[in-house]
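Overview (structure and organization)
Letter by letter, the chains look like this.
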Amino acid sequence: QVQLVESGGGSVQPGGSVRLSCAAPGRISNIYLMGWHRQAPGKQRELVARITSTGITNYAESVKGRFTISRDNAKNTVYLQMNNLKSEDTAVYYCNVLAQYTDSRVFDNWGQGTQVTVSS
């Protein structure tokens, strides 16, 4: 498994915006799926958004219209633009990348997590 490199996150006031990014290092030949999950204290990890290799996206109902997932295939990087943040968006955000490497192995990789705190 390969450790993904996450960046972004931090503290923001309600209504604010944050952008997360996640890069997948290594000799990747194909990325099948990229996504973001989150886990709030005392809750199970949940899917926030994901994007396929062809750009098809889907979102959790709670973030539709506020969050946008995108990817840069040349950089093997996935982004999550989060707008109009609410206190209930407070969580640790994890990126996830399902990729095939040049040695033909397929890995389901996870980032280390980045904290997003929405509070006034």
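This brings us to the confidence of the model for the protein. Of the residues in the protein, 100% have a pLDDT of 70 or more, and the chain-wide mean is 95. Looking at the elements of the protein, mean pLDDT is at its lowest for strand β1 (residues 5-7), recorded as 92, and at its highest for strand β6 (residues 57-59), recorded as 98.

Turning our eyes to something else, we now look at the environment of Ile56. For Ile56, the position within the fold is in the loop between β5 (46-52) and β6. A relative accessible area of 55% places Ile56 in the exposed class. Along the backbone, Ile56 and Ser70 are 14 residues apart, and their C-alpha atoms lie at a distance of 9.8 Å. Excluding its chain neighbours within four sequence positions, the residues that come into contact with Ile56 are Arg50 and Ile51.

Its place among the elements puts Lys75 in the loop between β7 (67-72) and β8 (77-82). For Lys75, a relative accessible area of 55% gives the class exposed. With 53 residues separating them in the primary sequence, Lys75 and Cys22 have C-alpha atoms 9.9 Å apart.

How each quantity is defined
- Residues numbered from 1 in each chain as written.
- Predicted model: local features only at pLDDT ≥ 70, side-chain atom pairs only at ≥ 80, totals over all residues.
- Heavy atoms only, no water.
- pLDDT = per-residue confidence, 0-100.
- Helix = DSSP H or I, 4+ residues; strand = E, 2+ residues; numbered from the N terminus.
- Buried < 20%, exposed > 50% of the residue type's maximum accessible area, 1.4 Å probe, protein only.
- Contact = heavy atoms within 4.5 Å.

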